[in-house]
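Working through the structure, step by step
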Amino acid sequence: MKQILPIFLFVFGMVFSQENTGSYSIDASYFYGNIPRHSTSISHLITGHPEGVALSFSAKTFGAEEWEQRFNYPDYGITLIYTDLKNEYLGDNTSVYGHYSFYFLKRNLMLRLGEGLAYCSNPYDKETNYRNSAFGSTFVTSTFLQINYKKEKLIDNLGLEAGLFMIHYSNGNFKAPNTSVNVLTFNVGVTYSIAGTEQEYIKTVSDNKFTEPIKLNMVFRSGVNMSDIIGSGQYPFYVGSVYADKRLSKLSAVQLGTDVFFSKFLEEYIKYKSIAYPDEGIKGDEDYKRAGVLVGHELFMNRLSLLTQIGFYVYNPIDYESGMYQRVGLNYHINKTVFAGLTLKTHAAQAEAVEFALGVRL
C-alpha cells in the first residue's frame, strides 16, 4: 500500500490541477461482460460474466486554455467503479480514478480514459486463497477505457449513454503473483447535467505551424518490484533514460534514445534459476544489468502528457520475458525544463514495474 498510494495521489494531483469551470455533469452506468483469457494461468479464474456499476463526476471545459480548444473541450473528473468478477477466488474490486473525457462526432461520441487505484476483496494468500494468481496484493493499480455514444439533455438535464467499457487491474509486479485481469464489457447508463454558469465554447487557437528545435531529455526512474516467483522478495530498481525529442506540433513529439536498467530482482532471479533449474544453462554469475534503445511518442495536454515508448534490448545477458519492452504512462511538466512521471513498463501483456520518474528537458 505504501508504494501504490503515491500513484493514486500523483494521478489525482495532475487531473485536478486544472481550472474549475463551474459547469458539471454526473453519469451512472451498469456494465456486463467477460474476462478475456490472456494467459492459460488465469483459466480457472474465468467462471462467470463480470458485472458492476460506474459513477462519474465531471467538470466541463470551454476553451479558456489553448489545450482545451485543441482537444475539442474535454471533461475531467472522478470515477468510482464496483466490479463483481464472478469468481470465488477473485472476489470483487472497488476502485477510484481520475479521468479525462474526449469528444467526437459533434460531441456525441465520448472516449474516457481513467487511471487510479483498486481495492481487491480477496487477494492471493498462500494458505487461504492460493488459487488467485491474478492479484498478489490488496491494492492494485487500475486503468479503464470507455467508448460511449452519449446524448445529453434529452429530457431537461437528463440524458442517455451506451457503449464499451474495458478495465485493467494489475499491481505492476510490485508483488507476485500478478497475472492481472482485463474486464471487457458493454455498458448502458444515464447522465445528468448540473446547472452552472452558462458558457460558450471559445475558439481563438490558430493553425499556425509550430516549430521547436530538438530537445534532450534525461530521466531517472525508480521503484520496487519482484519477479514472477512467489515469495522471491521485493527489490528496488533504477533506470537511466536519455532520449532526444522533436515536437511535430503543439500536441505531439517523437522520441529516440536509450535506457539502462539496474533491476535487483533480476540479480536474485539469476541466482534462483541457476540453483533450481540447472538444466536451463544459467550459471548464476550472469550480469543482471540491461540496456535498450527506444522510440516513442508524447501527446501534450497542458502540463500533462501521455507517454508511449517501445524499446529493444541491445544488452540482455538473461533473456527475461522477451527482447522487446513497452512503456506507457503520464508525465507532469512542472515547468519548461523539469517534469515528473508515472509509467508502467511491460513485456507485451506481462508487467515488470511501475516506474516513478523525474526528468529534465534541455
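The preceding data block contains the structure.
Residues numbered from 1 in each chain as written. Predicted model: local features only at pLDDT ≥ 70, side-chain atom pairs only at ≥ 80, totals over all residues. Heavy atoms only, no water.

The next thing to look at is the sheet that holds strand β4 (residues 92-104). Sheets are built from strands paired through backbone hydrogen bonds, the pairs being either parallel or antiparallel. Around the barrel, eight strands lie side by side as β1-β2-β3-β4-β5-β6-β7-β8; this closed barrel has antiparallel pairing. Going from strand to strand, the sheet's axes swing by 25 degrees on average, the running direction of each strand aside. (Pairing = 2+ DSSP bridges. Helix = DSSP H or I, 4+ residues; strand = E, 2+ residues; numbered from the N terminus. Axes fitted to C-alpha atoms, helices over the stretch in contact; angles between N-to-C directions.)

Here we take up unusual backbone geometry. Across the junction of A176 and P177, the peptide omega takes the value 0 degrees, indicating a cis bond. At N72, a residue that is not glycine, the phi angle is positive and equals roughly 60 degrees. Positionally, N72 belongs in the loop between α2 (66-70) and β3 (75-84). Residue K153 is not a glycine yet carries a positive backbone phi of 55 degrees. Under the relative-accessibility criterion, K153 is labelled partly exposed at 48%. (Buried < 20%, exposed > 50% of the residue type's maximum accessible area, 1.4 Å probe, protein only.)

What follows is about the side chain of T343. Mapped onto the fold, T343 is located in strand β15 (residues 338-347). A residue is classified by how much of its surface remains accessible, and T343, at 2% relative accessible area, is buried. Excluding residues that lie within four positions of it along the chain, T343 makes contacts with R221, L307, R327, V328, G329, L330, A353, V354 and E355. (Contact = heavy atoms within 4.5 Å.)

What follows concerns the pattern of salt bridges. Once the charged atoms of two side chains with opposite charge are near each other, the side chains can pair. Applying the stated criterion to the full structure yields 17 salt bridges. Across the pair D245 and R361 runs a salt bridge whose closest N-O atoms are separated by 2.8 Å. Here D245 is found in strand β10 (residues 235-247), whereas its partner R361 is found in strand β16 (residues 350-361), with 116 residues between them in sequence. Accessibility classification places D245 together with R361 in one group, the buried group. Three or more residues joined by partner-sharing salt bridges are found here, namely E51, D84 and K86. (Salt bridge = Lys/Arg side-chain N within 4 Å of Asp/Glu carboxyl O.)

Our next topic: the packing of aromatic side chains. In the structure shown here, the tally under the stated rule is 19 aromatic pairs. Pairing Y24 with F57 gives two aromatic rings, centres 5.5 Å apart and planes at 20 degrees, and the pair type is stacked. Taken together, the residues Y24 in strand β1 (residues 24-34) and F57 in strand β2 (residues 51-60) connect sequence positions 33 residues apart. Classification of F57 as partly exposed rests on a relative accessible area of 38%. For the pair F261 and Y325, a centre-to-centre distance of 5.2 Å together with 85 degrees between the ring planes defines the contact as edge-to-face. Here Y325 lies in strand β14 (residues 324-333) and F261 lies in strand β11 (residues 252-263), a separation of 64 residues in the sequence. An aromatic cluster is defined as three or more aromatic residues linked by ring pairs; in this entry it consists of W67, F71, Y76, Y100 and F102. The cationic tip of R247 hangs over the ring face of F300; the distance from NZ or CZ to the ring centre is 4.0 Å. For the cation-ring pair, K345 lies above F261, with the distance from its terminal atom to the ring centre recorded as 3.7 Å. (Phe/Tyr/Trp six-rings, centres within 6.5 Å; stacked < 30°, edge-to-face > 60°. Lys NZ or Arg CZ within 6 Å of the ring centre and 35° of its normal.)

Where β4 and strand β5 (residues 109-120) come together, 12 bridges link them in antiparallel fashion. Paired with Y100 across the bridge in β5 is L113. Counting the residues in the hairpin turn of β4 and β5 gives four residues, including L105, whose phi is positive at 50 degrees. The pairing of β5 with strand β6 (residues 139-155) spans 11 bridges and is classified as antiparallel. If you follow L113 over to β6, its bridge partner there is L145.

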